[in-house]
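Listed below, chain by chain, are the residues.
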Amino acid sequence: MRCESWKEKTDEFEVMDVRGRKLDFFPELKAKAAGKKNGEGLHIIQTFDPIPLYPVLALMGYEHFTEKTGENEYHAYFYRAKKGDQA
């Protein structure tokens with residue numbers, strides 16, 4: 001994904017730390033993602049690379065990049081480039 005144009009804006013993204021969450025966080029995440037405007041983003045912190053989120057949020061108009069910051073810590077950044085089909 002082309003994150004060069006927005007990577008410096010990630011400090012402004014809403015953060016969802018879902019490490020250790022017992023309940024399914026996907027409905028909450030999808031609702032938050034649907035409510036974002038173009039140019040806004042989400043920062044997801046998880047214990048694994050959240051690969052299943054990539055295609056779902058891509059359909060909603062999001063680009064992403066992910067950093068592994070520890071043995072069990074991943075930071076995934078999702079930037080809404082355009083409203084997608086499932087917004």
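Just so it is clear, the structure is predicted and the values come from calculations on it, not from any experiment.

Colleague: Is there a simple way to think about the overall build of the chain in this case?
Modeller: Each helix and strand in the chain was counted, giving two helices and four strands. Order of helices (α) and strands (β) in the chain, N terminus to C terminus: β-α-β-α-β-β. Here the C-alpha atoms of the chain give a radius of gyration of 12 Å, agreeing with the 12 Å that 2.2 N^0.38 yields for 87 residues. In terms of principal-axis extent, the alpha carbons of the chain reach across some 30 × 25 × 20 Å. For the chain, the residues scored as buried account for 39% of the 87 residues in total.

Colleague: Sorry, what's going on with the nonpolar core here?
Modeller: One recurring pattern in soluble globular proteins is that nonpolar side chains are buried together. Among the nonpolar cores identified, the biggest contains 14 residues, and Leu 29, Ala 33, Ile 44, Leu 57, Tyr 62 and Phe 78 are the most heavily contacted of them. Among the elements that take part in this core, helix H2 (residues 53-59) stands out by supplying three residues, more than any other. Apart from the residues within four sequence positions on either side, Tyr 62 is in contact with Ala 33, Lys 36, Glu 40, Leu 57, Phe 78, Tyr 79 and Arg 80. Ranked by size, the runner-up nonpolar core spans five residues in total, among them Trp 6, Phe 13, Phe 65 and Tyr 79.

Colleague: I tried to follow the environment of Asp 17 on my own but got confused; where do I start?
Modeller: Position of Asp 17 among the secondary structure elements: in strand E1 (residues 14-17). Note: C-alpha distance between Asp 17 and Ile 45 (28 residues apart in sequence) is 4.6 Å. A distance of 2.4 Å separates the side chain of Asp 17 from the side chain of Arg 19, its partner in a polar contact.

Colleague: It is not clear to me how the pattern of salt bridges should be interpreted in this structure. Could you clarify?
Modeller: Should the charged atoms of two oppositely charged side chains come close, the side chains can pair. The final tally for this structure, using the stated rule, is five salt bridges. A salt bridge links Glu 73 to Arg 19; the shortest N-O distance between them is 2.8 Å. With a gap of 54 residues between them, Glu 73 in strand E4 (residues 73-80) and Arg 19 in the loop between E1 and helix H1 (26-35) connect regions that are remote in the sequence. The residue Glu 28 makes a salt bridge to Arg 21 at a minimum N-O spacing of 2.7 Å. A relative accessible area of 34% means that Glu 28 is categorised as partly exposed. Residue classification places Arg 21 among the partly exposed positions, given a relative accessible area of 36%.

Colleague: How do you make sense of the pairing of strand E2 (residues 41-46) when you look at a structure like this?
Modeller: When a strand is regular, its side chains alternate between the sheet's two faces. For E2, the tally of buried residues reaches six of six residues, placing the bulk of the element in the interior. On E2, burial covers both faces: Gly 41, His 43 and Ile 45 on one face and Leu 42, Ile 44 and Gln 46 on the other are all buried. By the bridge criterion, four bridges tie E1 to E2 in an arrangement that is parallel. Considered in E2, the bridge of Glu 14 is made with Leu 42. With respect to chirality, the unit in which E1 leads through H1 into the neighbouring parallel E2 is right-handed.

Calculation criteria
- Residues numbered from 1 in each chain as written.
- Predicted model: local features only at pLDDT ≥ 70, side-chain atom pairs only at ≥ 80, totals over all residues.
- Heavy atoms only, no water.
- Helix = DSSP H or I, 4+ residues; strand = E, 2+ residues; numbered from the N terminus.
- Rg over C-alpha atoms; globule rule 2.2 N^0.38 Å.
- Buried < 20%, exposed > 50% of the residue type's maximum accessible area, 1.4 Å probe, protein only.
- Core = buried A, V, L, I, M, F, W, Y, C linked by side-chain atoms within 4.5 Å.
- Contact = heavy atoms within 4.5 Å.
- Polar contact = N/O pair within 3.5 Å; in protein donor to acceptor, adjacent residues only side chain to side chain.
- Salt bridge = Lys/Arg side-chain N within 4 Å of Asp/Glu carboxyl O.
- Pairing = 2+ DSSP bridges.
- Right-handed = clockwise from strand over helix to strand, strands pointing away.

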